[in-house]
Structure formats: structure tokens, C-alpha cells
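Okay, here's what each chain looks like letter by letter:
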Amino acid sequence: MNKKTLSMLAGLVLMSGMAWAQGQTSSGTLTVRAELASSINLTFLTDANGVALTGSGTNVATLDFGAVSQFTTPPPKVTQTVAATSLTVSTPFDVSVTKSNVTSANYALTAELQTTDAVNGWTIDTFPLTTVPAAATSLTVTGVYASNVVHTLFLTIPFSEGAATITNSINFVATAN
Amino acid sequence: MKRILFMWFLLGISICFAKGQGSAPASRRTTAISLRARSEAGNTSITFLTVTNGAPVQLVGSGQSILNLGSLSSVTRSDEHGVQIQPQNDSFVVSTRVGLRVDLSNSSRESTATVSAYLLGPAPLETVSVDGIQLSTRPAIIARQVSYGATTEHVLKIVILASMPPGRLIDLIGVIATPN
């Protein structure tokens with residue numbers, strides 16, 4: 001038996017010894033189960049030309065026009081229009097609706113005042129807002145997902161109204177088409 | 001001489017082959033040497049466990065369990081049934097914790113195992129990771145010194161693309177424990 005044969009033999013014996021020493025492996029399987037649901041998400045964002053929203057980037061935001069009157073300059077980024085018997089202040093804001101795990105080309109957006117206001121007029125874009133429990137006002141039926149869509153809030157205040165803080169809540173609902 | 005050498009070769013091959021067979025039933029035993037080796041090494045097993053702040057794990061067989069994540073969507077969820085959800089731009093991250101225990105029947109000697117994990121099938125619209133290690137269909141080490149009998153907790157994260165259609169989601173994660 002020459003040296004080459006001996007080394008090969010030693011190699012084989014070593015291989016078998018290693019196999020013996022390593023013991024056995026064990027295996028298991030974890031099945032991960034879930035039900036994936038569709039969802040869409042609405043957020044309000046400050047528009048570049050509008051007043052800063054408190055809560056911008058979330059779905060609960062506050063828009064503050066500040067102090068307005070017929071005879072004073074409106075706050076920055078607030079547009080004021082004075083008519084014969086009323087003044088209207090307006091400012092733009094953005095709405096972004098994103099979708100996840102849903103097969104929908106676009107969305108419908110509605111808005112609705114949560115408290116009746118018999119004195120002032122509330123309008124978004126060109127659509128006067130209704131008040132709960134009436135049907136909500138449709139703002140669009142072809143909203144584009146994942147884009148900041150500009151809307152403008154108009155508040156019309158009659159001259160007959162006394163100085164006061166005007167407040168209300170507007171509920172927006174986006175529905176996947 | 002060649003014949004002797006060939007016989008040694010066959011013996012070596014058969015031992016290596018027997019090692020790779022795992023825990024073969026008695027009727028399939030092929031060589032006495034490898035059987036003795038297993039007997040001395042003891043039988044190892046893997047058990048998945050429910051842990052605190054983790055989704056429920058259901059044992060369905062030896063080394064086989066189901067992790068139920070329930071209903072998932074991209075809506076933020078801090079901790080519901082042990083599942084957290086964090087939305088991202090074009091996806092959302094689902095995370096939970098799961099327990100793992102590697103047992104050795106003959107645990108007289110203190111030793112450890114290396115644990116690897118892999119996906120049993122491709123998941124093109126998901127990214128599955130355990131303890132930050134992204135899984136693929138090739139095993140990747142997720143823990144190197146796991147003591148036998150000890151329960152280790154692992155963080156399972158699944159990134160689900162927003163483009164993934166709704167419906168049932170099933171991922172099969174294979175786990176291998178190799179004695180150190």
C-alpha cells in the first residue's frame with residue numbers, strides 16, 4: 001500500500017468519523033396564516049397656498065382662518081371677498097387618499113357638517129355642505145389615489161352676525177370605487 | 001488493492017448518506033454504524049410556542065405549527081392579538097413574536113444547536129424576516145448558540161406590498177436545528 005492510497009483511506013475514515021460526530025439535524029415547519037384585507041387611508045395636508053393645518057398628515061386636522069372682519073386685511077394665505085351683505089373667507093387644503101391591497105381605480109369623496117349652522121355658509125370648492133343627518137355632499141367621484149388633491153374651504157359670514165368664534169366639524173368620507 | 005479501496009469508499013459514502021437522511025424510521029435503517037451514532041446523539045425536535053406579545057401558535061403535529069396573524073390591513077395597529085402593523089409608503093409591516101424550543105432526548109450533555117430558517121415557497125409580494133434576517137428559499141442562520149430545552153423568542157416581520165391582492169395569506173417557514 002503506497003502513501004497515496006494510505007492518505008485516501010485516511011480521508012475516507014475521517015469523513016465517516018465527521019459524519020458520525022455531527023449528530024442529526026431536526027426540522028420543523030411554521031405555517032403563517034393571515035387574511036389580507038383591503039384598506040384606504042385619508043389624510044389632510046397643508047396646501048402650499050393655504051393656512052397651516054394643525055394635524056397635517058393625519059386624518060384629524062384643524063383649519064384656523066384666524067381673526068377676520070369686513071374692514072381688516074385677512075390673515076396670510078386667507079382670501080377674503082366682501083359682498084353686499086356678507087364676507088367670505090377661503091383657503092385651500094389638500095386631501096390625500098392612499099389604497100392598499102385593493103383593486104380600485106379611484107375613489108369618491110364626500111364631506112358633511114357635523115353641527116347645524118343656520119347663520120354661516122360652508123362650502124368646499126363649489127359644493128355647499130350639508131349637515132348631518134342629511135346625505136353628505138359629494139366632492140368628487142373620481143379621486144386619484146396617492147396624490148395631494150387641492151380643495152378649498154369657503155366660509156361665508158353675514159354682516160348681521162355679531163363678533164363670535166365660529167366653529168364646526170366637517171366629516172370627510174372616501175370610498176373606493 | 002483497488003477493490004479494498006472501493007469498499008472503503010462505499011462505506012464512507014453510505015455513512016455520509018445515512019447522516020443526511022435525518023430521523024429515518026427503523027425499517028429504513030441502512031447501516032449499523034450510523035444507527036449507533038444517532039442513538040448516542042439523541043433525537044432532536046423543534047417546537048414552536050406562543051409567547052407574550054406574540055400571535056397565537058397552534059401545534060398541529062411534531063415540529064408542525066400554525067401561526068395565526070388574523071386579519072391584516074395597512075391600518076396602524078399597535079398591538080392586537082400580539083400583532084403590530086406599521087404602514088409604509090407602498091407597503092406595510094406586520095410584526096409579531098414567536099417562541100422556539102429545540103429539544104434533545106438525550107440531554108445529559110450540555111450542548112447547543114444552530115438554527116436556520118427558510119421559506120418553503122417563494123413569496124414575490126412579501127418580504128419575510130426573522131430577527132432581521134430576510135428569508136429566502138435557501139436556509140439562513142437565525143441563531144447560532146441555542147441551548148437545548150431553552151425557549152428562544154424571535155421577531156417575525158412580514159412586509160406586504162400594497163399591490164398584493166386581498167385574500168388568504170399563507171407563508172411556510174421551514175426551521176432546521178443543527179447540533180453544534
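Given the structure is predicted, the values throughout are model-derived calculations rather than measurements.

Caption draft 1: Summary view of the overall build of chain B. What chain B contains, in helices and strands, is two helices and 12 strands. Written out in order from the N terminus, the α and β elements of chain B read α-α-β-β-β-β-β-β-β-β-β-β-β-β. The burial tally for chain B puts 27% of its 180 residues in the buried class.

Caption draft 2: Highlighting the sheet that holds strand E2 (residues 57-61) of chain B. In spatial order, the strands read E2(B)-E3(B)-E1(A)-E12(B)-E7(B)-E10(B); together these six strands make up an open sheet with mixed pairing. With one partner strand each, in any of the chains shown, E2 and strand E10 (140-147) of chain B form the two edges of the open sheet. Sheet twist, expressed as the average angle between the axes of neighbouring strands with direction ignored, equals 25°.

Caption draft 3: Structural view of the pairing of strand E3 (residues 64-72) of chain B. As judged from the seven bridges shared by strand E1 (residues 26-36) of chain A and E3 of chain B, these two strands associate in the parallel manner. If you follow Arg-33 of chain A over to E3 of chain B, its bridge partner there is Asn-68 of chain B. Sheet topology places E2 of chain B next to E3 of chain B; four bridges connect them, and they run antiparallel. The partner of Leu-59 of chain B across the bridge, within E3 of chain B, is Ser-65 of chain B. Hairpin geometry of E2 of chain B and E3 of chain B is characterised by an intervening segment of two residues between the two adjacent antiparallel strands and by a positive phi of about 75° at Gly-63 of chain B.

Caption draft 4: Inspection of the sheet that holds strand E5 (residues 107-113) of chain A at higher detail. Residues and elements named next belong to chain A. Strands sit in the order E8-E5-E10 across an open sheet of three strands; the sheet is antiparallel. Lying at the two open borders of the sheet, with one neighbouring strand each, are strand E8 (137-143) and strand E10 (170-176). In this sheet, neighbouring strand axes are inclined to one another by 15° on average, regardless of whether the strands run parallel or antiparallel.

Caption draft 5: Broad picture of the environment of Ala-176 of chain A. Residues and elements named next belong to chain A. As for its placement among the helices and strands, Ala-176 is situated in strand E10. Linking Ala-176 and Val-141, residues 35 residues apart in sequence, is a C-alpha distance of 9.4 Å. Beyond its immediate stretch of four places on either side in the chain, Ala-176 contacts Ile-40, Lys-99, Val-102, Ser-104 and Tyr-107.

Caption draft 6: Main features of the nonpolar core. If you look at the biggest cluster of nonpolar residues, it comprises 36 residues, and the most contacted ones within it are Leu-67, Leu-69, Val-94, Val-102, Val-115, Ile-173 and Val-175 of chain B. Residue contributions to this core peak at six residues, all from strand E6 (residues 91-104) of chain B. Aside from chain neighbours lying at most four places away, what touches Val-94 of chain B is Leu-69, Leu-72, Val-83, Ile-85, Lys-157, Ile-158 and Ile-160 of chain B. Membership of the second largest hydrophobic core comes to 18 residues, among which are Ile-40, Tyr-107, Leu-113 and Trp-122 of chain A.

Caption draft 7: A look at the confidence of the model for chain B. All names here are of chain B. Mean pLDDT over chain B stands at 79; residues scoring 70 or higher make up 74%. Across chain B, strand E9 (residues 133-134) holds the top mean pLDDT of 97, while helix H2 (residues 32-41) sits lowest at 33. The ipTM for the predicted assembly is 0.75, set against a pTM of 0.69.

Caption draft 8: Representation of unusual backbone geometry. Residues and elements named next belong to chain A. The step from Val-132 to Pro-133 runs through a cis peptide bond, and the omega angle for that step is 15°. Note on placement: Pro-133 falls in the loop between strand E7 (127-128) and E8. Of note in the backbone geometry, Asn-101 takes a positive phi value of approximately 55° without being a glycine. By secondary structure assignment, the location of Asn-101 is in the loop between strand E4 (86-100) and E5. Here Asn-101 falls in the buried class, since 24 other C-beta atoms lie within 10 Å of it. At Asp-125, a position not held by glycine, the phi torsion is positive, near 55°. When you line up the elements, Asp-125 lands in the loop between strand E6 (121-124) and E7.

Caption draft 9: Representation of the environment of Ser-73 of chain B within the structure. In this structure, Ser-73 of chain B sits in the loop between E3 and strand E4 (77-80). Along the chain, Ser-73 of chain B and Ala-162 of chain B lie 89 residues apart, while their C-alpha atoms are 9.3 Å from each other. Aside from chain neighbours lying at most four places away, what touches Ser-73 of chain B is Ala-37, Ser-38, Ser-39, Ser-100 and Asn-101 of chain A.

Each value, and the rule that gives it
- Note that residues are indexed from 1 along each chain, following the sequence as it is written.
- Chain labels run from A onward and ligand labels from 1 onward, assigned in the order the entries are written.
- With pLDDT at 70 or above as the cut-off, local features in this predicted model cover only qualifying residues; side-chain atom pairs require 80 or more to be listed or tallied, and sums for whole chains, interfaces and linings still use all residues.
- Secondary structure elements are taken from DSSP: a helix is a run of H or I of four residues or more, a strand is a run of E of two residues or more, and numbering for both begins at the N terminus.
- Burial in this document is a count-based property: other C-beta atoms within 10 Å of a residue's C-beta are tallied, and the residue is buried at 20 or more, exposed at 12 or fewer, or partly exposed in between, with C-beta positions derived from the backbone.
- When DSSP finds two or more bridges between two strands, those strands count as paired.
- Axis definition: a line fit to C-alpha positions, over the contact stretch in the case of helices; interaxial angles, taken between N-to-C directions, run 0 to 180 degrees.
- Here, residues touch in the contact sense if the C-beta positions derived from the backbone fall within 7 Å of one another.
- Remark: nonpolar core denotes a set of buried Ala, Val, Leu, Ile, Met, Phe, Trp, Tyr and Cys residues whose joining runs through C-beta atoms within 7 Å.
- pLDDT gives the predictor's per-residue confidence on a scale running from 0 to 100.

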